[in-house]
Amino acid sequence: MTPPVGLTALADTDLVGQVARILTQAIIRGQLQPGAKVVEAAVARELGISRAPVREAARLLEQQGLMVSHPRRGFFVRKLEATDIDEIYDLRICVECHAGVLAAKNLTPTTRDLLRRQIDVLHETADLDDPARQVEEDYRFHRMICEIAGSARLLRLFDDLASELRMVIGLIGRLYDDPRRIAETHIAVLDAIEGGHPDIINARIDYHIGAAWREVAKLVRDIPPPTPGAAT
C-alpha cells in the first residue's frame, strides 16, 4: 500500500475543485515530485473519497499543464524539461516587460500602495512554513502588475501561463535557504515601475526573471528521476 503524503482533509462540496487544489499544492511543495505517478486509488483512500473526483481533478490539472496522462498507465506529475523552462521564461520576459512599462504609465498612489503592500506580504509569508502560500503571493505580485497595465489580452496571456508559472515559482523556492531573499528581489522591480523609465523597467524585469530562469533551468537539469514506489 502506498503511504500517505499528508494531503489536506476535504469539505463536502466541490470535491473536484478541492482535490485539484490539494494536488496542485502537493506538486508545488514537492510532495509530488516531477515525473511521479499519481495513483487515483491511493489519493482517494488518503482523502476518504471515491476515485471519480480524483480522476476528474487529474484531468483538470492535465489541461492546466501540471500533469500528463498515458494510456493504461494513468496520470503523472509533469516533468518540466529545459526546453519548457526556456519557453516559459522567454514568454514571461516578453509579457512582463511590456506589462511593467504599461503599469508605470497607469500607476496611481492606490495601485502603487497595493504593490508595496504585496511585497510586505511576501516578507510576511517568508516567516511561514507554507511554500504553497509563498508561491501564490509571489505569483500575485506579478499578476498585479499585469492587471495595472490595463490590457485584457496581456492579462489573459499571463493567466494562460498560470499553472506552469506556479510550478516554476515553486522550483525557485527550492533555490533559496531564506525565502526573504525572494521577497527582496521584487523591490527593485517596483522601484523601476515607480520611476517610470521604460529602459530601466525592462532591464530590471529582464534581470529579475532572467536570473531565476538560469537557476531554474539548472535545477530542472539536476532533478533526479523519481524513486520507484515513492509516488502517491
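Residues numbered from 1 in each chain as written. Predicted model: local features only at pLDDT ≥ 70, side-chain atom pairs only at ≥ 80, totals over all residues. Heavy atoms only, no water.

S.K.: For this particular structure, what's the right way to read the overall build of the protein?
M.R.: A tally of regular secondary structure across the protein gives 11 helices and 3 strands. Helices and strands in the protein line up, N terminus first, as α-β-α-α-β-β-α-α-α-α-α-α-α-α. Burial status across the protein gives 45% buried among its 232 residues. Sequence-distant contacts, at least 24 apart, represent 71% of the contacts inside the protein between residues at least 6 apart. (Helix = DSSP H or I, 4+ residues; strand = E, 2+ residues; numbered from the N terminus. Buried < 20%, exposed > 50% of the residue type's maximum accessible area, 1.4 Å probe, protein only. Contact = heavy atoms within 4.5 Å.)

S.K.: What am I meant to see in the sheet that holds strand β1 (residues 37–38) here?
M.R.: Strands pair in a sheet through their backbones, by hydrogen bonds, and they do so in one of two ways: parallel or antiparallel. Reading across the sheet, the 3 strands line up as β1-β3-β2 and stay open at both edges, with antiparallel pairing between neighbours. Edge positions in the sheet fall to β1 and β2 (67–70), since each has one partner strand and no second. Against the sheet, helix α3 (residues 51–63) touches β2 and β3 (74–77), its axis set at about 115° to β2. (Pairing = 2+ DSSP bridges. Axes fitted to C-alpha atoms, helices over the stretch in contact; angles between N-to-C directions.)

S.K.: Just checking my understanding: could you explain the confidence of the model for the protein for this structure?
M.R.: Any region with low pLDDT has predicted coordinates that should not be read closely. Of all residues in the protein, 86% have pLDDT values of 70 or greater, and the mean over the chain is 85. Ranking the helices and strands of the protein by mean pLDDT puts helix α10 (residues 187–195) first, with 97, and helix α8 (residues 162–173) last, with 71. Long-range and interchain partners of residues 228–232, a stretch whose pLDDT sits below 50, account for 11 contacts in this model, where long-range means more than four residues apart. (pLDDT = per-residue confidence, 0-100.)

S.K.: Looking at this structure, how should I read unusual backbone geometry?
M.R.: Trans is the prevailing form of peptide bonds, just as negative phi is the prevailing case for residues other than glycine. Positive phi values are uncommon outside glycine, yet R72 reaches one of about 65°. Relative to the helices and strands, R72 is located in the loop between β2 and β3. Residue R72 is classed as exposed on the basis of its relative accessible area, which comes to 86%.

S.K.: What's the story with the pairing of β3 in this structure? I'm lost.
M.R.: Looking along a regular strand, one sees the side chains alternate between the two faces of the sheet. Bridge count for β1 against β3 is 2 bridges, and the pairing is antiparallel. Within β3, the residue paired with K37 across the bridge is F76. By the bridge criterion, 4 bridges tie β2 to β3 in an arrangement that is antiparallel. Following the sheet pairing, V68 is matched in β3 by F76. Here β2 hands over to β3 after 3 residues, with R72 in that stretch at a positive phi of 65°.

S.K.: Please clarify how helix α7 (residues 152–160) should be interpreted in this entry.
M.R.: Owing to its 3.6 residues per turn, the α-helix aligns residues three or four sequence positions apart on the same side. When we look at burial in α7, the residues that qualify are L154, L155 and F158. The buried residues of α7 all sit within an arc of 100° when viewed along its axis, so they share a single face. Facing away from the buried side of α7 by over 90 degrees, the exposed positions are A152, R153 and D160. (Arc of directions from axis to C-beta.)

S.K.: What's the story with the side chain of H208 in this structure? I'm lost.
M.R.: Positionally, H208 belongs in helix α11 (residues 198–222). Other than its neighbours up to four places away in sequence, H208 contacts H142, T185, H186 and V189.

S.K.: Any chance you could explain the packing of helix α5 (residues 109–125) against helix α6 (residues 131–149) here in plain terms?
M.R.: To characterise two packed helices, one gives the angle between the axes of the helices and the distance between these axes. The geometry of α5 relative to α6 is characterised by a closest axis approach of 9 Å and an angle of 170° between their N-to-C directions. With respect to α6, the axis of α5 lies roughly antiparallel. Only R133, Q134, E137, D138, R140, F141, M144, I145 and I148 of α6 make contact with α5, whose side of the interface consists of T111, L114, L115, Q118, I119, V121, L122 and T125. Its residues assigned to classes, the contact of α5 with α6 shows 9 nonpolar, 4 polar and 4 charged. (Parallel < 35°, antiparallel > 145°, perpendicular 65-115°, else oblique. Nonpolar A, V, L, I, M, F, W, Y, C, P; charged D, E, K, R; others polar.)

S.K.: So what exactly am I meant to see when it comes to the environment of V68 here?
M.R.: Examined against the element boundaries, V68 turns out to sit in strand β2. C-alpha of V68 to C-alpha of K37: the two residues are 31 residues apart in sequence and 9.6 Å apart in space. Those residues in contact with V68 that sit more than four places away from it in its chain are E62, G74, F75, F76 and R78.

S.K.: Would you explain the nonpolar core in this entry?
M.R.: One broad rule of soluble globular proteins: the nonpolar side chains tend to lie buried together. Membership of the largest hydrophobic core comes to 61 residues, with the highest contact counts inside it found for M67, I85, F141 and I145. For this core, the element with the highest residue contribution is helix α4 (residues 82–106), accounting for 10 residues. The contact partners of I145, leaving out residues within four places of it in the chain, are A99, G100, A103, L115, V189 and I193. (Core = buried A, V, L, I, M, F, W, Y, C linked by side-chain atoms within 4.5 Å.)

S.K.: Explanation requested: the pattern of salt bridges in the structure shown.
M.R.: Two side chains carrying opposite charge are able to pair once their charged atoms lie near each other. What the rule picks out here adds up to 13 salt bridges. In this structure, the salt-bridge partner of R92 is E96, at a minimum N-O distance of 2.8 Å. Pair noted here: R92 and E96 are both in helix α4, with a separation of 4 residues, about one helical turn. For the pair shown, R92 and E96 are each scored as buried. In this structure, the salt-bridge partner of E147 is R143, at a minimum N-O distance of 2.3 Å. Of this pair, E147 and R143 both sit in helix α6, separated by 4 residues, roughly a single helical turn. Using a relative accessible area of 42% as the deciding quantity, one classes E147 as partly exposed. Taken together, the shared-partner salt bridges connect E40, R51 and R55 into one network. (Salt bridge = Lys/Arg side-chain N within 4 Å of Asp/Glu carboxyl O.)

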